Amino acid sequence: MKEKLRKYSFSLRKDKYFNLTEKDFSPLLSEITRYKNNIVGSYYSINFELDLKILNTLLFKKGFSLSLPLIHESNQLMEFKEWNSNDVLRLNKYGIPQTFIDSKTLVPDIFLVPLLAFDKYGNRLGYGSGYYDKYFNMLNKTKKRFRTIGIGFSFQKKDKLKVLKTDFCLDAVFTEKGFLNIQ
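This write-up is about the structure you can find in this document.

Cut-off values and rules
Residues numbered from 1 in each chain as written. Predicted model: local features only at pLDDT ≥ 70, side-chain atom pairs only at ≥ 80, totals over all residues. Heavy atoms only, no water. Buried < 20%, exposed > 50% of the residue type's maximum accessible area, 1.4 Å probe, protein only. Helix = DSSP H or I, 4+ residues; strand = E, 2+ residues; numbered from the N terminus. Pairing = 2+ DSSP bridges. Right-handed = clockwise from strand over helix to strand, strands pointing away. Contact = heavy atoms within 4.5 Å. Phe/Tyr/Trp six-rings, centres within 6.5 Å; stacked < 30°, edge-to-face > 60°. Lys NZ or Arg CZ within 6 Å of the ring centre and 35° of its normal. Core = buried A, V, L, I, M, F, W, Y, C linked by side-chain atoms within 4.5 Å. Axes fitted to C-alpha atoms, helices over the stretch in contact; angles between N-to-C directions. Left-handed = near helix turned anticlockwise from the far one by under 90°. Nonpolar A, V, L, I, M, F, W, Y, C, P; charged D, E, K, R; others polar. Salt bridge = Lys/Arg side-chain N within 4 Å of Asp/Glu carboxyl O.

A few words on the pairing of strand S2 (residues 65-71). Two faces belong to every sheet, and in a regular strand the side chains alternate between them. In terms of burial, S2 is a largely internal element, 6 of the 7 residues being buried. Relative to S2, strand S1 (residues 39-41) runs parallel, the two being bridged by 3 bridges. Its bridge partner being in S2, glycine 41 is matched across the sheet by serine 67. This β-α-β element, S1 to helix H3 (residues 53-61) to S2, shows right-handed connectivity. Note that S2 and strand S3 (residues 78-83) share 6 bridges and pair antiparallel.

Rendered as structure tokens:
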């Protein structure tokens, strides 16, 4: 069931993809700057994900520390590594640009999370490997406070997604139409 929805959602995103402008990112930039801490877990856009290059540039200019997810091939776990705009990136086994293993590990305060689909309850459909879910569930056990913001297009919203008990709910979703805060 989820695999069928993944294929459909990817196809929809590919067909309806468009770029956002700096102005479109204003509500998200305002939301991020509301927080006192300044480490953001971002991502490098692939496969018609909402492109964050403009937002990442704005965050760098405002002095935020950015990090990208790194997937460890040895244990299939994810962590976030410091990223500077001039850093050389390498492709992981999924073709996703990531920093190098010896980059500084950071624990972000705010995570920008790519998605294929979402619902009003904060449920997210990803690519199916569960890296984000595992990472957030592990981080939750440390009692660190953090905020998760799904990043997508409004046409990716579904009425209700089926979830597993290991799936992690988002705190909010940002689209070109603004924010959906989860109750």
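Continuing now.
Tracing the backbone shows phenylalanine 111 in strand S7 (residues 110-114). The class of phenylalanine 111 is buried, set by a relative accessible area of 0%. Considered as a pair, phenylalanine 111 and phenylalanine 80 are 31 residues apart in the sequence and their alpha carbons are 9.9 Å apart. Here phenylalanine 111 is in contact with Gly41, Phe80, Tyr135, Phe136, Leu139, Phe146, Arg147, Thr148 and Ile149, once residues within four sequence places are set aside.

What follows deals with the packing of aromatic side chains. Applying the stated criterion across every chain, the model contains 21 aromatic pairs. When the ring of tyrosine 135 is compared with that of phenylalanine 136, the centres are 6.0 Å apart and the planes differ by 70°; the resulting orientation is edge-to-face. You can call phenylalanine 136 buried: its relative accessible area is 2%. Members of the aromatic cluster, each reached through a chain of ring pairs, are Phe80, Phe111, Tyr132, Tyr135, Phe136, Phe146 and Phe168. Positioned above the aromatic ring of tyrosine 121, the side-chain terminus of lysine 160 is 4.8 Å from the ring centre.

In terms of nonpolar packing, the biggest core is built from 40 residues, with Leu28, Ile32, Leu55, Leu112 and Ile151 touching the most fellow members. Those elements that place two or more of their residues in this core are helix H2 (26-33), H3, S2, S3, S7, helix H4 (131-141), strand S10 (147-151) and strand S11 (172-175). Of the residues forming this core, the biggest block, 5 residues, is contributed by H4.

Next up on the list: the packing of H2 against H3. Where H2 contacts H3, the two axes come as close as 11 Å, and the packing angle between them is 35°. In terms of crossing hand, the pair formed by H2 and H3 is right-handed. Here Leu28, Leu29 and Ile32 of H2 lie close against H3, whose contacting residues are Leu55, Leu58 and Leu59. Among the residues forming the contact of H2 with H3, the class breakdown is 6 nonpolar, no polar and no charged.

Across all of its chains, the model carries 7 salt bridges by this definition. As a salt-bridge pair, aspartate 167 and lysine 2 come within 3.1 Å of each other at their nearest N and O atoms. Here lysine 2 lies in helix H1 (residues 2-16) and aspartate 167 lies in the loop between S10 and S11, a separation of 165 residues in the sequence. The shortest N-O distance in the salt bridge between glutamate 79 and lysine 81 comes to 3.5 Å. Here glutamate 79 falls in the buried class, since its relative accessible area comes to 18%. Given the relative accessible area of 4%, lysine 81 is considered buried.

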